[in-house]
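A structural walkthrough
This is what each chain is made of:
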Amino acid sequence: MNEPISGESRSAAGDDIDLDRVWVNVAAEVWRRHPGRLERTAARLLRSPGLARALFTTPSLLLPWLIASAVVLAVGALTQVGAGQPLVWLIAPAVAAVGIAYSYGPGLDPAWELSCSMPVSDRLVLLTRGVAVFAVNAVLGLIASAATLGTPASTGTAQLTFAWLLPMTAACALALAVAVAVRSAIAGAGAGVGAWLTLVLAHSATTSATNSADGGLSAAALTSAVTDANLYLPYMAVAACCAVIVLFATRPQRGLL
């Protein structure tokens with residue numbers, strides 16, 4: 001004997017999703033504004049108006065985020081944790097990791113559904129946005145570091161560059177790998193910032209215990225995670241491994257390419 005179909009079941013069975021209408025609404029939301037000067041320039045450079053629009057709809061490239069990053073790095077350049085040790089070295093990797101984590105993915109990207117339907121590869125969108133966010137942070141950090149040149153906190157330009165660019169690369173790669181693998185920007189940002197803070201504190205404690213008789217945490221020990229040349233190769237290794245994870249997580253078999 002057949003069981004009667006409830007009104008709720010009939011309603012659920014009769015409701016069809018108009019996918020065409022959904023895509024039209026998404027496209028209208030993304031394309032409703034006219035491209036600005038920067039977007040038009042990016043379209044010419046990238047030779048793709050769609051890719052340029054996908055780049056400039058990135059949440060982490062919005063003006064408030066840019067202003068916040070600039071202010072944080074400027075404060076880091078003005079604040080010294082010791083002679084020759086600008087705080088920007090310590091905060092740049094964390095700031096960049098957060099921006100990278102929030103540059104791509106479902107739930108935070110208004111162009112996510114549209115980008116999935118574009119003939120442009122998701123990996124290309126991911127690469128473009130990642131490079132853009134990293135480049136913005138790198139330029140801001142370089143400006144903040146250059147502001148300390150000629151002051152008592154000044155060191156060589158090469159040291160200023162490698163001291164925070166390499167750990168910034170590693171922190172950004174880790175944040176992006178976690179965000180893409182678990183499809184959560186919050187998890188990616190937390191992993192990048194958490195790993196960087198843990199490394200700074202752990203390496204500082206080790207350096208302080210080795211070089212200081214009383215084991216106190218000195219300014220030089222606090223920044224040792226940035227200035228220690230022995231960590232440069234591990235930073236590059238971490239970045240390379242995380243890049244492999246990103247490629248694996250966005251492989252075509254999972255439908256993310």
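It should be noted that the structure appears before, not after, this text.
Everything quoted here is computed from the prediction, not taken from an experiment.

1. Here we look at the nonpolar core
With 48 residues, the main nonpolar core has Leu-73, Trp-164, Met-168, Trp-196, Val-226 and Tyr-235 as its most contacted residues. Here this core gets 11 residues from one element, more than from any other, and that element is helix H9 (residues 157–182). Ignoring any residue separated from it by four or fewer positions in sequence, one finds Leu-73 in contact with Val-88, Ile-91, Ala-92, Asn-137, Leu-140, Gly-141 and Ala-144. In terms of nonpolar packing, the next biggest core, distinct from the first, is built from six residues, Ala-97, Ala-101, Ala-171 and Ala-189 among them.

2. Side note on the layout of surface pockets
Taken as a whole, the largest pocket holds about 390 Å³ of empty space. Forming the boundary of the largest pocket are 17 residues, of which Leu-127, Gly-130, Leu-176, Ala-243 and Val-246 lie nearest the centre. Counting only elements with at least two residues in the lining of the largest pocket, the list comes to helix H8 (122–146), H9 and helix H13 (232–249). Here the lining of the largest pocket takes six residues from H8, the largest share from any one element. Broken down by class, the residue content of the lining of the largest pocket amounts to 13 nonpolar, three polar and one charged. Size it by volume and the second largest pocket reaches roughly 250 Å³. Considering the residues around the second largest pocket, the lining is formed by 14 residues, among which Leu-38, Phe-56, Leu-61, Leu-66 and Val-136 are closest to the centre. At the level of secondary structure, the elements contributing two or more residues to the lining of the second largest pocket comprise helix H3 (37–46), helix H4 (49–56) and H8. Top contributing element to the lining of the second largest pocket by residue count: H8, with five residues. Counted by class, the lining of the second largest pocket contains 10 nonpolar, one polar and three charged residues.

3. Some remarks on a nonpolar patch on the surface
Residues Leu-63, Ile-67, Val-71 and Val-75 make up a contiguous nonpolar surface patch of about 370 Å² in total accessible area. Topologically, Val-71 is positioned in helix H5 (residues 63–78).

4. With respect to the packing of aromatic side chains
In this description, a pair of aromatic rings is defined by centroid distance and the angle of the planes. Under the criterion given, the structure shown has one aromatic pair. Ring plane angle 55° and centroid distance 6.5 Å describe the contact between Trp-196 and Tyr-235, whose orientation is recorded as tilted. Here Trp-196, found in helix H10 (residues 185–211), pairs with Tyr-235, found in helix H13; they are 39 residues apart in sequence, far enough to count as distant. Note on Tyr-235: relative accessible area 6%, which makes it buried.

5. Things to note about the packing of H3 against H4
At a minimum axis distance of 8 Å, the contact between H3 and H4 shows a crossing angle of 130°. Considered as vectors, H3 and H4 are oriented oblique to each other. The two elements H3 and H4 cross, and the hand of that crossing is right-handed. For the pair H3 and H4, contact is made by Leu-38, Glu-39, Ala-42, Ala-43 and Leu-46 and by Pro-49, Leu-51, Ala-52, Arg-53, Leu-55 and Phe-56, respectively.

6. Remarks on unusual backbone geometry
Despite not being glycine, Arg-183 shows a phi value in the positive range, around 60°. On the secondary structure map, Arg-183 appears in the loop between H9 and H10.

7. Things to note about the environment of Gly-188
Relative to the assigned elements, Gly-188 resides in helix H10. Its relative accessible area of 0% is what places Gly-188 among the buried residues. In this structure, the C-alpha to C-alpha distance between Gly-188 and Ala-175, residues 13 residues apart in sequence, is 4.3 Å. Dropping the residues within four chain positions of it, Gly-188 is found in contact with Ala-101, Ala-175, Val-178 and Ala-179.

8. What about H4?
Of all the eight residues making up H4, six are buried; the element is thus mostly covered by neighbouring parts of the structure. Among the residues of H4, those classed as buried are Gly-50, Leu-51, Ala-52, Arg-53, Ala-54 and Leu-55.

9. A closer look at the state of the cysteines
All chains considered together, the criterion is met by zero disulfides. Free of any disulfide, Cys-241 has its nearest cysteine sulfur in Cys-242, 6.9 Å distant.

10. Here's the deal with the packing of helix H6 (residues 88–101) against H8
Between H6 and H8, whose axes approach to 9 Å, the crossing angle comes to 160°. One way to sum up the angle between H6 and H8 is to call them roughly antiparallel. Here H6 and H8 pass one another in a crossing that is right-handed. Residues Val-88, Trp-89, Val-95, Ala-96, Gly-99 and Ile-100 of H6 lie in contact with H8, whose contacting residues are Gly-130, Val-133, Phe-134, Asn-137, Ala-144 and Ser-145. For the contact of H6 with H8, a count of residues per class yields eight nonpolar, four polar and no charged.

Rules used in this analysis
- Residues numbered from 1 in each chain as written.
- Predicted model: local features only at pLDDT ≥ 70, side-chain atom pairs only at ≥ 80, totals over all residues.
- Heavy atoms only, no water.
- Core = buried A, V, L, I, M, F, W, Y, C linked by side-chain atoms within 4.5 Å.
- Buried < 20%, exposed > 50% of the residue type's maximum accessible area, 1.4 Å probe, protein only.
- Helix = DSSP H or I, 4+ residues; strand = E, 2+ residues; numbered from the N terminus.
- Contact = heavy atoms within 4.5 Å.
- 1 Å grid on protein atoms, 1.4 Å probe; cavity = no way out; pocket = protein on both sides within 12 Å on 5 of 7 lines; lining within 4 Å.
- Points joined across faces, edges and corners; volume = space filled by probe spheres on them.
- Nonpolar A, V, L, I, M, F, W, Y, C, P; charged D, E, K, R; others polar.
- Patch = residues over 30% accessible without salt bridge, like charges linked within 9 Å, V, L, I, M, F, W, Y side chains within 5 Å.
- Areas by Shrake-Rupley, 256 points an atom, 1.4 Å probe, with all protein chains shown as cover.
- Salt bridge = Lys/Arg side-chain N within 4 Å of Asp/Glu carboxyl O.
- Phe/Tyr/Trp six-rings, centres within 6.5 Å; stacked < 30°, edge-to-face > 60°.
- Axes fitted to C-alpha atoms, helices over the stretch in contact; angles between N-to-C directions.
- Parallel < 35°, antiparallel > 145°, perpendicular 65-115°, else oblique.
- Left-handed = near helix turned anticlockwise from the far one by under 90°.
- Disulfide = S-S within 2.5 Å.

That is the geometry; function is a separate question.
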